[in-house]
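A look at the structure
Residue strings, one per chain:
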Amino acid sequence: MRIFFLCVFLCNVLTVWAQKPKGNIVEYFGKEKVEDIHEGELYHVFKKALIFKKENFPEVAEAVVYDPLLFEYIGESNSNIQAGKIAGENYKDEPVKWDPTSVNDKNEFEDLGSGYLYLEFNSDTDSIVLFEASGHTNVLINGYPHEGDHYDFGWSLVPVKLKKGKNEFLLSAGRFPRMRARLIKPAKKLQITPRDMTLPDILKGEEENFPAAVRIVNSDNRSIKDFKIIARIDGEMVETKIDEIPSLYVRKIPFEIPAPKNIGKKEKVNLNLELHNSEGKIIDTYTTILPVKSKYQHHKRTFFSDIDGSVQYYSVAPSLDTINPNQALFLSLHGASVEAVNQANAYKQKDWGHIVAPTNRRPFGFAWEDWGRLDALEVLSHAEKMWNTNPSTTYLTGHSMGGHGTWYLGVTYPDKFAAIAPAAGYPDLLGYRESFLKRISKNHVMLEERFNMNEEEFLEKTNLKFKSEKEERMNALIRSAGNTSRTLELIENYLHFGIYVLHGEDDTVVPTFIAREMRERLGEFHNDFAYYEYPEGTHWYGDHSMDWPLIFDYFKVHSQKPQEDLKKFKFKTASPGVSEKAYFIKILQQKEPFEISAFSFEKDSTIWNLTTKNIHTLELDLRKIQNRPTSILIDGNKLVVPDTGLSLILSEDQNSWQFTKRPEKKEKGPHRAGGFKNVFRHNPVLVYATHGTEKENDWYYNRAKYDAEKFYYRANGDLTLIADSEFILSQYPDRNIILYGNSDNNSAWDKLLKKSPIQVSKGKMQFDEEIIEGRNWGSYFIYPRMDSEIASIGVISATGEEGMKAAWANDYLLNGTFYPDFMIFNGKLGQEGLTGVKAAGFFDNNWSLDNAKMEWNK
């Protein structure tokens, strides 16, 4: 779970930097905020509210995120929130009340800080409306959680069934200290909304259909099935079927656009969309304009993602050399708030390679970790095939958050790049956040004026404190799920390539001392890096903040060696499920999951020497090796290499290595290594319970919708939701299944989890041989799908209504949060954090608890 809250100070710093509506690519989102309403009639504007101005203190937080205020009102349709009522305490332990507030002349509530906003609406009748708000992270609507609009884009639309009488809306603050909220009467039960469409550039000369995506609003109490979208351009037409849109839900639907045949000299074309019902009747239309471009100029391309089946895009500054294949590829990662289109447009085209800018799934995305990492890998693979580039001249660069992505992806996949060039970047996300604490602690004027503390008192208050050694161990175990992001623990992987570090001399957003510290670290062991501070450069000082000629000069003299010529190298990883190999040596299984595994390789004539750490099984791939070794010396064990076989599998047992068979696919491995967050890949299907009480069914359906809403907003994603009663396993081969419910109320449980060592039913949870009774327990866990070699099952489950409330949070869909294979907890999780965690850990390599790495709070 999340291990660090962004402090108010950091949010304010970045707000000043990112909030300007015009300017360069690091000052502006890349899109204007949506203000216009296309989905119906404005019904109500919220102009009065109650506000709880929560004052956070900048501190390192425990591994578990919890929000006591939202937790108190989860599932409560009557909160009894009133003006003057004490809502909580500030960091000074002073009581804070709900205070009346009103909007400014833009109908925005201001000065929220990191607080909460409470709204009421009295409806004369039961009716369905669209709740449209912006600037909030989450909202409880009559007790049910929904995703917000954290970055204030104006995208949020939530179909809501108002009840007659009082309806309550409780919003938590987002990135900026402002919010807007209004209600819309939908024009139609089912309609197209133009908000947040993913559309391609139409490229001359390309004959295949172009992927695209549009959001469909279902304001009906019924799920909608067997609909279709028809896209028309210049007499060409493509039809895309829509399998299902659940009730009261907005889904971003992938579809295809036909490639027009006679573009000629057109610079734009009209795209006409038609939404047809199951009887073929047109129920809504929308027309927009698409630019027409040459594939030899700056453009963007769309593709269907293997992560979730959604449509994503990347932007390109193609090579000026339009004839020769086998050119270089420059993967360029954007900073926070930057659109990939603007990233690519900041570069002049080169004459020896293609510049490719992925999206990170969103302008803010995941800091190039989690699904941002997967997006970068997808785009890299797509671009390599598209332009038939030279794999030995692939380079990585990026600015700001993209500079972090450069440090992170470079250290995680060291055999993919010939050189990297982070610009204004920070190597470690948590280290960057904690650097602000360091800066505050040295600002004695601020400490005195704002916090009335000296440096010693500030450091004492920010230090993480535990109630017991057991709690400290639990915290460390949960944190270990994030070891894959600890770049400095993997720092020796940078030896695989050259590094050019570019930073502004006067950068205060990513402070220059971070780059200088990294220069010192590299200087201790790396003999091929360059460092340049741009004189008087701030965080952004023009396009040359990243399109810096000396970076490309540096790249040009670097290329990867053939694998046969590699005499020695080292490699580290925290999980084979994230990064398993360097060149021809692959880690298949660890001894201790999510701890650092490492090997050092050196060859002398026909003898290969390997030393290892925390490796249970590894593979030597000999397909590209001409001179086969005759023997291997591994951790002092000498093994004679057989004359045949394209790969060698070695396993260690009690300090003795031997050749063995490849582990079975049903065991842990790079294909399926665990960590709960990994259930949100392989095109997951969300299966919610319908065989419980009315309240249980309502809760699990809304809980599944909440995850789908968050994955859409944070990852530009599209997740399939389906009721357990309609779920047929064979229709979803090799797809991850995320199950909401327990064995008593979700009929898919027995199809998927009969062999799971964790069993959840009403009033009882069985944890291997241990039985936990009560209706207050919740759990998250991942388990292999037994009918697939790659797919997994994710479980969000509870033993009763109290447990359902405990399992409401879904910060596993945010970056900077880390989850082991399983967690079992009660309601104290939402109130007190770690105190509520009963057990957490990682299954062993056989997906059992026999040799699991875990902490158990008995």
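Residues numbered from 1 in each chain as written. Predicted model: local features only at pLDDT ≥ 70, side-chain atom pairs only at ≥ 80, totals over all residues. Heavy atoms only, no water.

A count of helices and strands for the chain gives 15 helices and 50 strands. Relative to the compact-globule value of 29 Å for 858 residues, the chain shows a C-alpha radius of gyration of 27 Å, a close match. The buried share of the chain, taken over its 858 residues, is 62%. Roughly 33700 Å² of accessible area belongs to the chain as shown, and the carbon and sulfur atoms make up 46% of that amount. (Helix = DSSP H or I, 4+ residues; strand = E, 2+ residues; numbered from the N terminus. Rg over C-alpha atoms; globule rule 2.2 N^0.38 Å. Buried < 20%, exposed > 50% of the residue type's maximum accessible area, 1.4 Å probe, protein only. Areas by Shrake-Rupley, 256 points an atom, 1.4 Å probe, with all protein chains shown as cover.)

Quick look at the sheet that holds strand E37 (residues 637–640) now. Across the sheet, five strands lie side by side as E30-E33-E34-E36-E37; this open sheet has mixed pairing. Both edges of this open sheet fall to strand E30 (568–573) and E37, since each of them pairs with a single strand only. Pairs of neighbouring strands in the sheet enclose a mean axial angle of 20°, with direction left out of account. Inspection of the sheet shows E30 paired to strand E33 (residues 597–604) by six bridges, in the antiparallel sense. Within E33, the position partnered with Thr573 by the bridge is Ser597. (Pairing = 2+ DSSP bridges. Axes fitted to C-alpha atoms, helices over the stretch in contact; angles between N-to-C directions.)

Once that is clear, we can look at the pattern of salt bridges. Following the criterion strictly, the structure yields 47 salt bridges and no others. Linking Arg486 and Asp428 is a salt bridge whose minimum nitrogen-to-oxygen distance equals 3.0 Å. Highlighted residues: Arg486 in the loop between helix H9 (469–480) and strand E28 (498–504) and Asp428 in the loop between strand E27 (419–423) and helix H6 (429–441), separated in sequence by 58 residues. Per residue, the accessibility class of Arg486 equals that of Asp428, and both read buried. Its salt-bridge partner being Glu832, residue Lys467 comes within 3.4 Å of it at the nearest N-O pair. One end of the pair, Lys467, is in the loop between helix H8 (455–462) and H9; the other, Glu832, is in helix H15 (residues 828–832), and 365 residues separate them in sequence. Connected via shared salt-bridge partners are Glu35, Glu39, Glu132, Arg180, Arg182 and Arg195. (Salt bridge = Lys/Arg side-chain N within 4 Å of Asp/Glu carboxyl O.)

Attention now moves to the environment of Leu50. Summarising the element assignment, Leu50 is placed in strand E2 (residues 48–52). Judged by relative accessible area, which is 13%, Leu50 ranks as buried. Taking the C-alpha atoms as reference points, Leu50 and Leu117, separated by 67 residues in sequence, lie 5.8 Å from one another. Residues in contact with Leu50, not counting those within four places in the same chain, are Ile81, Gln82, Ala83, Trp98, Asp99, Pro100, Tyr116, Leu117 and Tyr118. (Contact = heavy atoms within 4.5 Å.)

What follows deals with the environment of Tyr144. Within the element layout of this structure, Tyr144 appears in strand E10 (residues 144–147). Residues Tyr144 and Asn270 lie 126 residues apart in sequence; the distance between their C-alpha atoms is 40 Å.

Let us now look at unusual backbone geometry. Even without a glycine there, the phi angle at Asp226 is positive, about 60°. Inspection of the secondary structure assignment puts Asp226 in strand E17 (residues 224–233). Of note, Asn716 is a non-glycine position whose phi angle comes to about 50°, a positive value. Asn716 sits in the buried class, given a relative accessible area of 6%.

Further remarks concern the packing of H6 against helix H10 (residues 512–523). Two numbers describe how H6 lies on H10: the axes approach to 11 Å, and their chain directions differ by 115°. Between H6 and H10, the angle is such that the two are roughly perpendicular. Where H6 crosses over H10, the handedness of that crossing is right-handed. Contact residues: Tyr432, Ser435, Lys438 and Arg439 in H6; Phe513, Ile514 and Glu517 in H10. A class-by-class count of the residues in the contact of H6 with H10 yields three nonpolar, one polar and three charged. (Parallel < 35°, antiparallel > 145°, perpendicular 65-115°, else oblique. Left-handed = near helix turned anticlockwise from the far one by under 90°. Nonpolar A, V, L, I, M, F, W, Y, C, P; charged D, E, K, R; others polar.)

Moving on, we come to the side chain of Ser310. Inspection of the secondary structure puts Ser310 in the loop between strand E22 (299–304) and strand E23 (311–317). Here the side chain of Ser310 touches Asp308 through a polar contact of 2.7 Å, side chain to side chain. Here Gln312 takes part through its side chain, which lies 2.7 Å from a polar atom of the side chain of Ser310. For Ser310, the contacting residues outside a window of four places in its chain are Pro254, Phe303, Phe304, Ser305, Arg361, Asn716, Gly717 and Asp718. (Polar contact = N/O pair within 3.5 Å; in protein donor to acceptor, adjacent residues only side chain to side chain.)

Here we take up the sheet that holds strand E41 (residues 720–723). Strand order across the open sheet formed by eight strands is E41-E40-E42-E47-E46-E48-E49-E50, with mixed pairing between neighbours. The strands lining the two open edges of the sheet, one partner per strand, are E41 and strand E50 (853–856). Here the strands of the sheet are splayed against their neighbours by 15° on average, with no regard to which way each runs. Relative to strand E49 (residues 837–842), strand E48 (residues 822–825) runs antiparallel, the two being bridged by four bridges. Counted as the bridge partner of Phe822 is Gly841 from E49. Relative to the sheet, H9 contacts E48, E49 and E50, its axis offset from that of E49 by approximately 40°.

So, on to the pairing of strand E42 (residues 737–740). A regular strand places its side chains on the two faces of the sheet in alternate fashion. The alternating pattern of E42 places Ile737 and Leu739 and Ile738 and Tyr740 on opposite faces, both of which are buried. Taken together, the four bridges between strand E40 (residues 685–688) and E42 define a ladder with parallel strand orientation. In the strand pairing of E42, Val687 is matched with Leu739. Both E42 and strand E47 (residues 792–798) contribute to a ladder of four bridges, which runs parallel. Across the sheet, residue Ile738 finds its bridge partner in E47, namely Gly794.

Before going further, it helps to spend a moment on the confidence of the model for the chain. In this model, the chain carries an average pLDDT of 93, and 96% of its residues clear a pLDDT of 70 or more. This model gives residues 2–30 a pLDDT under 50, and the stretch forms 90 contacts once residues within four places in sequence are excluded. (pLDDT = per-residue confidence, 0-100.)

As a further point, take a negative patch on the surface. Together, Glu55, Glu89, Asp93 and Glu94 make up a negatively charged patch on the protein surface. Structurally, the position occupied by Glu55 is in the loop between E2 and helix H2 (68–73). The partly exposed category is assigned to Glu55, whose relative accessible area is 40%. (Patch = residues over 30% accessible without salt bridge, like charges linked within 9 Å, V, L, I, M, F, W, Y side chains within 5 Å. Lys, Arg positive; Asp, Glu negative; His and termini not counted. Charge placed at Lys NZ, Arg CZ, Asp CG, Glu CD.)

Before going further, it helps to examine H9. For H9, with twelve residues, the first-to-last C-alpha span of 17 Å sits near the 16 Å given by 1.5 Å per residue. Considered for burial, the residues of H9 that qualify are Glu471, Met474, Asn475, Leu477, Ile478 and Ser480. Lining the buried residues of H9 we find E48, E49 and E50. (Expected span 1.5 Å × (residues − 1).)

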